[in-house]
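The residues making up each chain are set out below.
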Amino acid sequence: MNTTEQHPADTPRPAPGGRPNTPAALDIRNLRMRLPHTARPVLDGVDLTVGAGETVALVGESGSGKTLTSRTVLRLLPAGTTTEGTVHVAGDDVLTMNARQLRHLRTRTAAMIFQDPRAAINPLRRIGDFLTESVRLNKIMTPAAAQARAGELLEAVGLTTEVPRRYPGQLSGGMLQRVMIAAALMGDPTLLLADEPTTALDVTTQAEVVALLGDLRARFGTGLLFVTHDLGLAAAISDRVYVMYAGRIAETGPAASVFARPRHPYTKALLDSTPGLDAPPGRLVAIDGQPPDLRREPTGCPFAPRCAHATELCTTETPRSMPARGEPAHTAACHHSDRLEGTPGDA
Amino acid sequence: MNFVRFAVRRLLEMAATLLGASFVVFGAMYLAPGNPASFLLGGRSASPAALAAIDRQYHLNDPFIEQYARWLGNILHGDFGRSIEYRTDVSHLLSSRLPTTLLLVGMALVVVVLLGLALGWAGAVRGGATDSAILVGTTFAIGTPAFVAAILLQGFLAVELGWFPSSGSGSGDGIAAMLWHLTLPAIALALYLVGMLARVTRSAMLEQLTSEHVAVARSRGIPERHVISRHVFRNALGAVLTTAGLIVSSLLVCTVLVETAFSVGGVGQLLELSSTTKDFPVVQAISLIIVALFMTVNLIIDLLLPVVDPRITLGTRATG
Ligand SMILES: Nc1ncnc2c1ncn2[C@@H]1O[C@H](COP(=O)(O)OP(=O)(O)OP(=O)(O)O)[C@@H](O)[C@H]1O
Ligand code: SF4
Ligand SMILES: [Mg+2]
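Source: prediction; values computed, not measured.

A. Representation of the overall build of chain B in the model. When you go through chain B residue by residue, the secondary structure sums to 13 helices and 0 strands. The helix and strand sequence of chain B, counted from the amino end, reads α-α-α-α-α-α-α-α-α-α-α-α-α. Buried residues in chain B amount to 47% of all 320 residues. Considering only contacts in chain B between residues 6 or more positions apart, those separated by 24 or more positions represent 70%. Surface accessibility of chain B: about 15600 Å² in total, with carbon and sulfur atoms responsible for 68%. Once the 20 positive and 18 negative side-chain charges of chain B are each reduced to a mean point, those two points are 9 Å apart.

B. Structural detail: the sheet that holds strand β9 (residues 240-245) of chain A. All names here are of chain A. The strand order β6-β7-β8-β3-β9-β10-β12-β11 describes an open sheet built from 8 strands, whose pairing is mixed. At either margin of the open sheet sits one strand with a lone partner, and together these are β6 (110-113) and β11 (322-324). This sheet shows a mean twist of 25 degrees between the axes of neighbouring strands, independent of strand direction. Direction of pairing for strand β3 (residues 55-60) relative to β9: parallel, over a ladder of 5 bridges.

C. Region of interest: the domain arrangement of chain B. Residues and elements named next belong to chain B. Domain assignment breaks chain B into domain 1 (2-76) and domain 2 (90-308). Look at where the C-alpha atoms of domain 1 and domain 2 centre, and you get two points 32 Å apart. If you look at where domain 1 meets domain 2, you find 1 salt bridge. Across the salt bridge formed by Arg10 and Asp302, the nearest N and O atoms sit 2.3 Å from each other. Looking at the side of domain 1 that touches domain 2, the elements with two or more residues in it are α1 (3-31), α2 (36-41) and α4 (64-76).

D. How the structure looks around the packing of helix α4 (residues 127-137) of chain A against helix α5 (residues 143-156) of chain A. Residues and elements named next belong to chain A. Put simply, α4 and α5 touch, their axes get as near as 9 Å, and they point 140 degrees apart. When the axis of α4 is compared with that of α5, the two are oblique. As for the relative orientation of α4 and α5, their crossing is right-handed in sense. Two secondary-structure elements touch here, α4 through Leu131, Thr132, Val135 and Arg136 and α5 through Pro143, Ala146, Gln147, Ala150 and Leu154.

E. The UniProt feature "domain: ABC transmembrane type-1" (unreviewed entry) in chain B, seen in detail. As recorded in UniProt, the feature "domain: ABC transmembrane type-1" (unreviewed entry) lies at residues 98-301 of chain B. With 84% helix and 0% strand, residues 98-301 of chain B has end C-alpha atoms that lie 23 Å from one another.

F. Main features of the UniProt feature "domain: ABC transporter" (unreviewed entry) in chain A. The feature "domain: ABC transporter" (unreviewed entry), as annotated in UniProt, sits at residues 26-271 of chain A in this numbering. Split by type, residues 26-271 of chain A is 40% helix and 25% strand. Its first and last C-alpha atoms lie 26 Å apart.

G. Focus on the pairing of β9 of chain A. Residues and elements named next belong to chain A. In terms of residue burial, β9 counts as a mostly covered element, since 6 of its 6 residues are buried. Burial of the side chains of β9 extends over both faces: Arg240, Tyr242 and Met244 are buried on one face and Val241, Val243 and Tyr245 on the other. With 6 bridges joining them, β9 and strand β10 (residues 248-254) adopt antiparallel strand pairing. Its bridge partner lying in β10, Val241 is registered against Gly253.

H. A look at the site of ligand 2. In the vicinity of ligand 2, 13 residues are found, and the nearest of them are Cys301, Cys307, Cys314, Cys334 and His335 of chain A. Of the residues contributing to the shell around ligand 2, the split by class is 9 nonpolar, 4 polar and no charged.

I. Main features of the pattern of salt bridges. Under the criterion given, the structure shown has 22 salt bridges over all chains. Between Arg166 of chain A and Glu162 of chain A there is a salt bridge, and its shortest N-O distance comes to 3.1 Å. Using a relative accessible area of 30% as the deciding quantity, one classes Arg166 of chain A as partly exposed. Here Arg9 of chain B and Glu13 of chain B are joined by a salt bridge, their closest N and O atoms 3.3 Å apart. A residue pair is termed a helical-turn pair when its members lie 3 or 4 positions apart in one helix, as Arg9 of chain B and Glu13 of chain B do in helix α1 at 4 residues. Look at the salt bridges and you will find they share partners, linking Arg125, Asp129, Glu133 and Arg136 of chain A together with Arg220 and Arg230 of chain B into a network.

Cut-off values and rules
- Residues numbered from 1 in each chain as written.
- Chains lettered and ligands numbered in written order.
- Predicted model: local features only at pLDDT ≥ 70, side-chain atom pairs only at ≥ 80, totals over all residues.
- Heavy atoms only, no water.
- Helix = DSSP H or I, 4+ residues; strand = E, 2+ residues; numbered from the N terminus.
- Buried < 20%, exposed > 50% of the residue type's maximum accessible area, 1.4 Å probe, protein only.
- Contact = heavy atoms within 4.5 Å.
- Areas by Shrake-Rupley, 256 points an atom, 1.4 Å probe, with all protein chains shown as cover.
- Lys, Arg positive; Asp, Glu negative; His and termini not counted.
- Charge placed at Lys NZ, Arg CZ, Asp CG, Glu CD.
- Pairing = 2+ DSSP bridges.
- Axes fitted to C-alpha atoms, helices over the stretch in contact; angles between N-to-C directions.
- Domains from an automatic or database assignment.
- Salt bridge = Lys/Arg side-chain N within 4 Å of Asp/Glu carboxyl O.
- Parallel < 35°, antiparallel > 145°, perpendicular 65-115°, else oblique.
- Left-handed = near helix turned anticlockwise from the far one by under 90°.
- UniProt positions renumbered as here; feature names shortened; annotations may be inferred.
- Near = heavy atom within 4 Å.
- Nonpolar A, V, L, I, M, F, W, Y, C, P; charged D, E, K, R; others polar.

Next comes the structure, spelled out in structure tokens:
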């Protein structure tokens, strides 16, 4: 199911941080997704854009819907899900594509870097085969051209040209993630999706891979949607950030502004539970309580049961995204944003 | 380890094992209770002169080791001795029957591989009613012993319907006649293994279908038929290859039953007849050939495993 209600203009708007006159790399509007046997939508009215060449972070607790959002961009949906809303990648609606268009999207327009490269790459085929198979089998490049491009990209990600002859088992996790990144760039995509690309790596390798991603998206001009639950990482890499809670965007805005002046109690709580970022060191507060599960339809604000600022209004009326005074790009879905204004770091 | 060195080492090991096997095979007759000569005669009565002739012919009065050494030396020169029952050279008996058996086992192997892989593939990839039908079919195939299959096939397709000959190998009438005669025996021989291989292929492919790297391949726009062939089926091959040893040993054992049921006149039937008539030189020769065949197949599997799964290095069978 796929409707475009509420949005009269079906053409994608330019993203806030993107270059003018190019369609946004990614433009998700009012995306609502239901999984089978659930009472509430797992994604509930998600709006998210990534401008051409822009880096955007999507953060939130485990289970908030980050992975589902990013996978929807490539239309990798669990069986039996229904969707409403639109997902435009470089101007084309993903949710209405036919098989051929979808293949084109996945090979040329958008590519995903996965969390665990060791599980993501077939252990029985050579690295060179992994790098080139998509463009070869879809006849986008000749085998020779594909091989040449793979060589260039391997160099760009800091690997040597003998790597293609190797099997995945012969490379370290960090090297494999570099291979994954090179493979994602093979089709020269407009949009890269990275779903916690460093979680499976050790700390030093994490920093290297993040730095590499930053370099490459600048060099190749790709938009990047970076999914993470690490706020420090999000602050370091992104131009803008989206904070997701229970399938909704709780808060969004320029990274600097969101992290310095959070306008949603959930963002504030996340920041407080992150060491070394705004919160004084040594103060590590996990957020009390559990996110709402999918079996009940919550009324009002989904964060209300865990929120220190909740009032009567919060449990009866669902808050809508409202821009901050004097900063229209920074919005939060909270009735009482004003109470947080100018109080970073104390709860 | 280097491929050539590994192969040479394994060949030497194989030779040593064969030597041991030959000792056991020969010693079994020597150790069997009673006078070897009367054993050789298989309970038939014989005149003292005939007994003396047998003693001389088989050197039964020599020490065991000498007898064994002579027997082994002869085999290395291609001489497997003389059959007591047929009064002719064992090698002559084998040379007329071995092609029949090899053709039968080869036909069955082709059926097993083609049908087993195809059914396993179809069940895993198509699912639904196709998969259910294949599961039911393979359950029957696995539950039917080869000799029951032989009797049923013979009764319906050969005797009732007359579509196929009910016995014989058709050897001497050309290759077409042989294929024609061996069709039912090959099906009887293959039935169980088709079911087994289809099950192994199906479950190995299903396991791959739910794996992350297959989801990733799809997310990269690899056309579905390539996802199945290059990632799902390709990765299921390791599990398939590890059943190859079982398949070949099962074929070699069951061909005795099937050849007997269809009076095929191959090595298997000869082994069955020679065991009952205690025609030891024939039994010894066939036993040795079966051991050698089985070991050769295992060597080939060990050499192929690292090709199919690069995580396995030569000489270390591993899982994962
Ligand atoms: N294939 C699926 N089938 C059923 N439910 C699913 C499936 N995938 C995700 N979900 C549910 O959807 C919700 C959101 O999941 P999602 O994976 O998008 O969260 P996430 O924000 O990526 O979390 P994490 O940080 O743990 O990766 C969860 O409640 C999860 O249980
Ligand atoms: S709307 Fe109310 S409950 Fe929800 S986050 Fe804001 S203050 Fe808390
Ligand atoms: Mg996730």
